Amino acid sequence: MQEARDRCDEARKLLGDGVDPSQQRQVDKLTHTARSADTFERIGREWYGKQAEVWVSEHAARILSRLERDIFPFLGGRPITAIETPELLVVLRRIESRGVRETVRRTRQDCDQIFAFAIAAVHCKRNPAAGLSRALAPKKKTVHFPAITDPQKFGELLRTMDGYKGTFVDDSTAAEFHDAI
């Protein structure tokens, strides 16, 4: 009974503001329907479709593969507005547990860009991927192999390569080698 009175008061207030309550309910219903259709996968594929036009096809295929393998199965069906930072972190840590730090870093960047696109396209108001890089394992330090910079040693390497008298391995030699081991 009290709920009916509250709705009646709300309708009177809307009428006082010059808004038709019936029309407002229809707008609210359409907005709710549109928001529930804004799943992470749908918005992600929309973002991908716009970006893929300017990407090299191999790059585009890698990004779509990452999303389809690691993100869409876990978050794809969820409304983009309902996704929270902790659940995105759980999905990213699942990738991280495979030991592929570069993949998790790039996947987080993809999610960050999808949320930024969703904010710009007025599908959601916040980006739960922002700042998550601090919660993930850091990128491994790159180890570079040393180059020969001493002219004497470099000349020695070139002479050794030039003096190599090896031959190409044909199928019969390979079979003999295989039998020997």
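Above this note sits the structure.
Rules of the game
- Each chain has its residues counted from 1, following the order in which its sequence is written.
- The model is predicted, so local features are restricted to residues of pLDDT at least 70 and side-chain atom pairs to those at 80 or more, both for listing and for counting; the totals for chains, interfaces and linings are taken over all residues.
- Hydrogens are left out, water is left out, and the side-chain values use all remaining heavy atoms of the structure.
- Between N-to-C directions, angles span 0 to 180 degrees; the directions come from axes that are lines fitted to C-alpha atoms, helices contributing only their stretch in contact.
- Here a strand is any run of E in DSSP of at least two residues, a helix any run of H or I of at least four, and the numbering for each starts at the N terminus.
- Roughly parallel means an angle under 35 degrees; roughly antiparallel, over 145; roughly perpendicular, 65 to 115; everything else is oblique.
- Working rule for contacts: check all heavy atoms of both residues, and any pair within 4.5 Å makes them a contact.
- Asp, Glu, Lys and Arg are counted as charged, while Ala, Val, Leu, Ile, Met, Phe, Trp, Tyr, Cys and Pro are counted as nonpolar; the rest, among them Gly, fall into the polar class.
- Buried residues of nine kinds, namely Ala, Val, Leu, Ile, Met, Phe, Trp, Tyr and Cys, make up a nonpolar core once their side-chain atoms join them within 4.5 Å.
- Exposed residues in this analysis have more than 50% of their type's maximum accessible area, buried residues have under 20%, and partly exposed residues fall in between, with area computed by a 1.4 Å probe over protein chains only.
- Only rings of Phe, Tyr and Trp enter the pairing, Trp through its six-membered ring, and a pair is recorded when the two centres are within 6.5 Å. The plane angle decides the type: under 30 degrees is stacked, over 60 is edge-to-face, the rest tilted.
- Counted as over-ring charges are cases with an Arg CZ or a Lys NZ within 6 Å of the ring centre that also lie within 35 degrees of the ring normal.

## Side note on the packing of helix α3 (residues 40–51) against helix α6 (residues 101–120)
Phase 1: For the pair α3 and α6, the least separation of the axes is 9 Å and the interaxial angle reads 95°. The angle between α3 and α6 falls in the class roughly perpendicular. Between α3 and α6, the residues in contact are F40, I43, G44, E46, W47 and K50 and D110, C111, Q113, I114, F115, F117 and A118, respectively.
Phase 2: Its residues assigned to classes, the contact of α3 with α6 comprises 8 nonpolar, 2 polar and 3 charged.

## Details of the nonpolar core
If you look at soluble globular proteins, the nonpolar side chains tend to sit buried side by side.
Phase 1: Of all hydrophobic cores here, the largest spans 29 residues; its most connected members are F40, W47, I71, I80, L88, L92 and F115.
Phase 2: Per element, the largest residue contribution to this core is 7 residues, and it comes from helix α4 (residues 57–75).
Phase 3: Beyond its immediate stretch of four places on either side in the chain, F40 contacts I71, F72, L75, G76, R78, I80, I83, C111, I114 and F115.

## A look at the packing of α4 against α6
Phase 1: Closest axis-to-axis distance for the α4/α6 pair is 10 Å, and the angle between their directions is 95°. Of the possible angle classes, the one that applies to α4 and α6 is roughly perpendicular. For the pair formed by α4 and α6, the contact residues are I63, R66, L67, R69, D70 and I71 on the first element and T103, R106, T107, D110, C111 and I114 on the second.
Phase 2: Residue classes in the contact of α4 with α6 are distributed as 5 nonpolar, 2 polar and 5 charged.

## Section: the packing of aromatic side chains
Phase 1: Tallied over the full model, the rule gives 4 aromatic pairs.
Phase 2: Here F40 and F115 contribute two aromatic rings whose centre-to-centre distance is 5.2 Å and whose plane-to-plane angle is 40°, an arrangement assigned as tilted. Placement of F40 in helix α3 and of F115 in helix α6 is noted, with a sequence separation of 75 residues between them.
Phase 3: Looking at F40, the relative accessible area reads 0%, which means it is buried.
Phase 4: Residue F115 is classed as buried on the basis of its relative accessible area of 0%.
Phase 5: Ring-pair connections join several aromatic residues into one group, and the members of that group are F40, F72 and F115.
Phase 6: Here the guanidinium or amino end of R94 rests over the ring plane of F74, the centre of that ring lying 4.1 Å away.

## Focus: unusual backbone geometry
Phase 1: Despite not being glycine, V122 shows a phi value in the positive range, around 60°.
Phase 2: For V122, the position within the fold is in the loop between α6 and α7 (151–162).

Remember that the coordinates give geometry; whether it matters functionally is a separate question.
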